[in-house]
Every structure is written in C-alpha cells, then in structure tokens.
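# Fold and contact review
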Amino acid sequence: MNEATTEAERHALLERLFAAFNRHDADGVMACFTPGVVFDTAAGPEAHGRRLTGRDAVRAAFVAVWTDMPDVAWTVSRHMLAGERATSEWLFTGTRADGSRIAAEGVDLFVFEGRLIARKSAFRKDRPVQAA
C-alpha cells in the first residue's frame, strides 16, 4: 500500500463511492475511479460478466441502472480491506417502471491504484425479479 494512502482513506473512499451510488451521482461515482477503470458487471456474455473499461463506459452503465430503477440502492453491510484490495458486501434493491422488484445480496471486489479504484468486479445472487 502506498504510504500516503492508508486503509482508513481507502475505507472512506468506499463509503463515498456507495453514498454516490445511492444519490445517483455520476460525477461522485466517477471521482472514485481511475481514468482507465475496469468494471466487470455481475451479468454478461463472458465468464467475467460484461467488461467495461474507462470512466465513460462505467458512467453510462450506472446511469442506465439508475434510469431503469429510479429507487435503486446498495445497502452496504461491510467493507473489508487488505492492502491494494477490498471487498464490499451489500443488498441491492430496486423497482422497475412496471413495478417489478429486485432484492439480492452481492459483493464487489475492488483493486486500488494509489488513492483511487482501478478495478471493480461485481457478484450478485441470481435471484429472479419479483412481479409487481
């Protein structure tokens, strides 16, 4: 870990990230990532999900989620840090325009570069959307 970046600073960064997710604040979310961030989504056509690279692609993905589920939220139960890596556990909840709802537990695996997040890999329980 970079001497200038403490575990407490990285924990605070994760707190800021999830607060921005829950405010649906694209600028706040992007401020937590390196310019070349790599985000592997929870679902997608590849073994790693769908890989998004760069702030613009990651921003677009989150804006799409916020648009599809205007009340979407990630309720964090804990962050665990180990050097350049971290894990966040959360409950993902949201309602689509048709009233269908999802509530599923998940985790994010993070890799830091200095004071920012360089990689995010999301894993979520494969729970079906609940009818309205």
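Residues numbered from 1 in each chain as written. Predicted model: local features only at pLDDT ≥ 70, side-chain atom pairs only at ≥ 80, totals over all residues. Heavy atoms only, no water.

Let us look at the side chain of Ser121. Counting through the fold element by element, Ser121 comes out in strand 6 (residues 116-124). Sequence-distant contacts of Ser121, that is, excluding residues within four places in its chain, are made with Asp40, Val107, Asp108 and Leu109. (Helix = DSSP H or I, 4+ residues; strand = E, 2+ residues; numbered from the N terminus. Contact = heavy atoms within 4.5 Å.)

Another aspect to go through is the pattern of salt bridges. Applying the stated criterion across every chain yields a total of ten salt bridges. A salt bridge links Glu9 to Arg115, with the nearest nitrogen and oxygen atoms 3.1 Å apart. Separated by 106 residues along the polypeptide, Glu9 in helix 1 (residues 7-23) and Arg115 in the loop between strand 5 (101-113) and strand 6 bring together distant segments of the chain. The exposure class assigned to Glu9 is partly exposed, which follows from its relative accessible area of 32%. Notably, a salt bridge pairs Glu89 with Arg78, separated by 3.1 Å at the nearest N-O pair. Within this pair, whereas Glu89 is found in strand 4 (residues 85-95), its partner Arg78 is found in strand 3 (residues 73-82), the two being separated by eleven residues in sequence. Overlapping salt bridges, with partners in common, bring together Asp40, Arg51 and Arg119 in one network. (Salt bridge = Lys/Arg side-chain N within 4 Å of Asp/Glu carboxyl O. Buried < 20%, exposed > 50% of the residue type's maximum accessible area, 1.4 Å probe, protein only.)

Here the UniProt-annotated "domain: SnoaL-like" (unreviewed entry) positions come out as residues 15-119. Secondary structure content for residues 15-119 is 27% helix and 47% strand, while the C-alpha to C-alpha distance between its ends is 16 Å. (UniProt positions renumbered as here; feature names shortened; annotations may be inferred.)

Moving on: the sheet that holds strand 5. Across the sheet, which stays open at both edges, the six strands sit in the order 2-1-6-5-4-3 with mixed pairing between neighbours. Because the sheet does not close on itself, it has two edges, and the strands there are strand 2 (51-53) and strand 3. Taken pair by pair, the neighbouring strands of this sheet meet at an average axis angle of 15 degrees, ignoring direction. Relative to strand 4, strand 3 runs antiparallel, the two sharing nine bridges. (Pairing = 2+ DSSP bridges. Axes fitted to C-alpha atoms, helices over the stretch in contact; angles between N-to-C directions.)

With that out of the way, let us pick up the environment of His79. Looking at the secondary structure, you find His79 in strand 3. According to the relative accessible area criterion, His79 is buried, its value standing at 12%. Separated by 71 residues in the primary sequence, His79 and Ala8 have C-alpha atoms spaced 11 Å apart. Not counting residues up to four positions away in its chain, the partners in contact with His79 are His11, Leu14, Glu15, Phe18, Thr87 and Ser88. Of the polar contacts made by the side chain of His79, one reaches the side chain of Glu15; its length is 3.1 Å. Looking at His79, its side chain comes within polar contact range of the side chain of Ser88, at 2.6 Å. (Polar contact = N/O pair within 3.5 Å; in protein donor to acceptor, adjacent residues only side chain to side chain.)

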